[in-house]
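A look at the structure
So the chains spell out like this:
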Amino acid sequence: MKTDDLVELIAMDDATQGPLAPRVIGVAAGLLAVTGALVIGILGLRADLMAAMADPVTALKWLMPLALMAAGAFAAIRLTHPERSTPVLARILIAVIAIGAVAWWLALAMGLPDDQVMPRSLGSSAAVCLGSITVISGPALAAVLFLLRAGASPAPMASGALAGLGVAGAATAIYALHCHEDAPLFFILWYGLGIGLVTAAGALAGRRLLRW
Amino acid sequence: MTVKDGRDDDWSTWMRAAIAGDQAAYHRVLSAMTPVLRGIVRARAGAMDANWCEDVVQETLLAIHLKRATWDPAMPLRPWVYAIARHKLIDAFRRRGRAVHLPVEDFAETLPAAEAPDGLELRDAGLLIDRLQDRDAALLRCLALEARGQDECGQRLGLTPGTLRVALHRALQRLAKLRQEGGL
């Protein structure tokens, strides 16, 4: 086909698209609310939720995932624009939380006798924790990646990872409404693994799905 | 510099009008972009031939069209166009098994190249179109290669004006996908 012919064809096509960001956020919020309500409906809210949220250390079970959610969602939406790159603010926030969490976990582990680190880290609900975070995340991540295909990411793998991080952050904060294990050794490890797992899934899927 | 800024204002203004539904403005901005894209691609093509370059230009035009909602109308259009062209160039090189480094800063400095290569239309007048589904192929051929109007093509293919517009959009989407996958 001649390029001039292609230009003629393209100029005839007046199908319009609305902005992507509100759709992505709306669909993600809706699906997270549904799957979150299902999982919390089955597992139940923790009895002392208000007191837990008021405790400055336990409150981090919500604050850290929610900060990651904000950074991931903001950056993933920015990266739908081909001429933009991952916002510096999001990069810093994600790095600070990730490094801070690892350092905190190591400091706590080193301050304990060796035979106590394992039992406190493993807790009694590790499998439920990991399973819940991935189950709550799954449908929202799939829908977000599908919608992001309308974007034009300069880095599809990073876009997928950031979308995964955003969804997983929200899912973890939802799961924390049930989770009654407040030992930082436990929640840093398992929340971190759950978020990491969903982020990795987003990166792998994004690399394929978000190419254009 | 002032000349370039002036042109960029034109591009952005035309594209804003195009997004608001002005088809003539859309045709104008696409036509203005084409030689600039051709110059950019040829300047970086290395050993690749003119047909390869023209394919990349067409893929870039399709991507500009299909991804135009990712342009922020508050920003100038050129950096966005360069980013798309760079992405499509890298993609085309990668399909040929070559990794390339293309700093986007240089894109604004490239001279336009107006003329399409000779013989391209002979090479593939309908080659790519043939790989589309029958209905898509018939529609694109009628509208572009035979240059008949939308009304006539719609009548011939049994499409109302509304369904023809939807069919055209879908056909262009599938064309872009085919090109990306097929690496033609």
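Residues numbered from 1 in each chain as written. Chains lettered and ligands numbered in written order. Predicted model: local features only at pLDDT ≥ 70, side-chain atom pairs only at ≥ 80, totals over all residues.

**Here we look at the overall build of chain B**
Across its full length, chain B holds nine helices and zero strands. The order of α-helices and β-strands along chain B, N terminus first, is α-α-α-α-α-α-α-α-α. The burial tally for chain B puts 34% of its 184 residues in the buried class. Within chain B, residue pairs in contact and separated by at least 24 positions form 56% of the contacts whose partners lie at least 6 positions apart. (Helix = DSSP H or I, 4+ residues; strand = E, 2+ residues; numbered from the N terminus. Buried ≥ 20, exposed ≤ 12 C-beta atoms within 10 Å, placed from the backbone. Contact = placed C-beta atoms within 7 Å.)

**Re the interface of chain A and chain B**
Residue-level contacts link 26 residues of chain A with 37 residues of chain B. With nine residues, the top contributor of residues to the side of chain A that touches chain B is helix 1 (residues 3-12) of chain A. The residue makeup of the side of chain A that touches chain B, split by class, is 15 nonpolar, five polar and six charged. (Nonpolar A, V, L, I, M, F, W, Y, C, P; charged D, E, K, R; others polar.)

**Concerning the packing of helix 1 of chain A against helix 3 (residues 50-66) of chain B**
At a minimum axis separation of 10 Å, helix 1 of chain A and helix 3 of chain B run at an interaxial angle of 5 degrees. The orientation of helix 1 of chain A with respect to helix 3 of chain B, classified from their angle, is roughly parallel. For the pair formed by helix 1 of chain A and helix 3 of chain B, the contact residues are Thr 3, Leu 6, Val 7 and Ile 10 of chain A on the first element and Glu 54, Val 57, Gln 58, Leu 61 and His 65 of chain B on the second. When grouped by side-chain class, the residues that make up the contact of helix 1 of chain A with helix 3 of chain B number five nonpolar, three polar and one charged. (Axes fitted to C-alpha atoms, helices over the stretch in contact; angles between N-to-C directions. Parallel < 35°, antiparallel > 145°, perpendicular 65-115°, else oblique.)

**Quick look at the domain arrangement of chain B**
Residue and element names in this part refer to chain B. Domain assignment breaks chain B into domain 1 (1-118) and domain 2 (125-184). Top contributing element to the side of domain 1 that touches domain 2 by residue count: helix 3, with six residues. By residue class, the composition of the side of domain 1 that touches domain 2 is three nonpolar, one polar and three charged. (Domains from an automatic or database assignment.)

**Brief notes about the environment of Ile 188 of chain A**
All names here are of chain A. Secondary-structure assignment places Ile 188 in helix 9 (residues 184-209). Since 23 C-beta atoms lie within 10 Å of it, Ile 188 is described here as buried. Distance in space between the C-alpha atoms of Ile 188 and Val 102 is 7.8 Å, their sequence separation being 86 residues. Those residues in contact with Ile 188, other than ones at most four positions away along the chain, are Ala 101, Trp 104 and Trp 105.

**Some remarks on the packing of helix 1 of chain A against helix 2 (residues 23-44) of chain B**
Where helix 1 of chain A meets helix 2 of chain B, the closest approach of the two axes is 9 Å, and the angle between their N-to-C directions is 150 degrees. Viewed along their axes, helix 1 of chain A and helix 2 of chain B adopt a mutual orientation that is roughly antiparallel. Both helix 1 of chain A and helix 2 of chain B take part in a crossing whose hand is right-handed. On helix 2 of chain B, the residues touching Thr 3, Val 7, Ile 10 and Ala 11 of chain A of helix 1 of chain A are Gln 23, Tyr 26, His 27, Leu 30, Ser 31 and Thr 34 of chain B. (Left-handed = near helix turned anticlockwise from the far one by under 90°.)

**A look at helix 4 (residues 60-78) of chain A**
All names here are of chain A. Its 19 residues give helix 4 an end-to-end C-alpha distance of 26 Å, which sits within 8% of 27 Å, the value for a rise of 1.5 Å per residue. The set of residues buried in helix 4 consists of Leu 60, Lys 61, Met 64, Pro 65, Leu 68, Met 69, Ala 71, Gly 72, Ala 73, Ala 75, Ala 76 and Ile 77. Buried positions along helix 4 lie against helix 2 (20-43), helix 5 (88-110), helix 8 (156-175) and helix 9. (Expected span 1.5 Å × (residues − 1).)

**Side note on the nonpolar core**
By size, the foremost hydrophobic cluster in this structure holds 53 residues, and its most contacted members are Val 144, Val 167 and Ala 171 of chain A. Elements with a contribution of two residues or more to this core: helix 2, helix 4, helix 5, helix 7 (126-148), helix 8 and helix 9 of chain A. Looking at this core, the element that brings in the most residues is helix 8 of chain A, giving 12 residues. Contact partners of Val 144 of chain A, with chain neighbours within four places excluded, come to Val 24, Val 27, Ala 28, Ala 163 and Val 167 of chain A. Judged by nonpolar contacts, the second largest core, of 50 residues, contains Leu 9 of chain A together with Ala 18, Leu 37 and Leu 77 of chain B. (Core = buried A, V, L, I, M, F, W, Y, C linked by C-beta atoms within 7 Å.)

**What to know about the environment of Ala 167 of chain B**
All names here are of chain B. Along the chain, the position of Ala 167 falls in helix 9 (residues 161-182). Sequence separation between Ala 167 and Phe 93 is 74 residues, and the spatial gap between their C-alpha atoms is 31 Å. Every residue in contact with Ala 167, bar those within four places of it in the chain, is listed here: Arg 135, Leu 139 and Leu 159.

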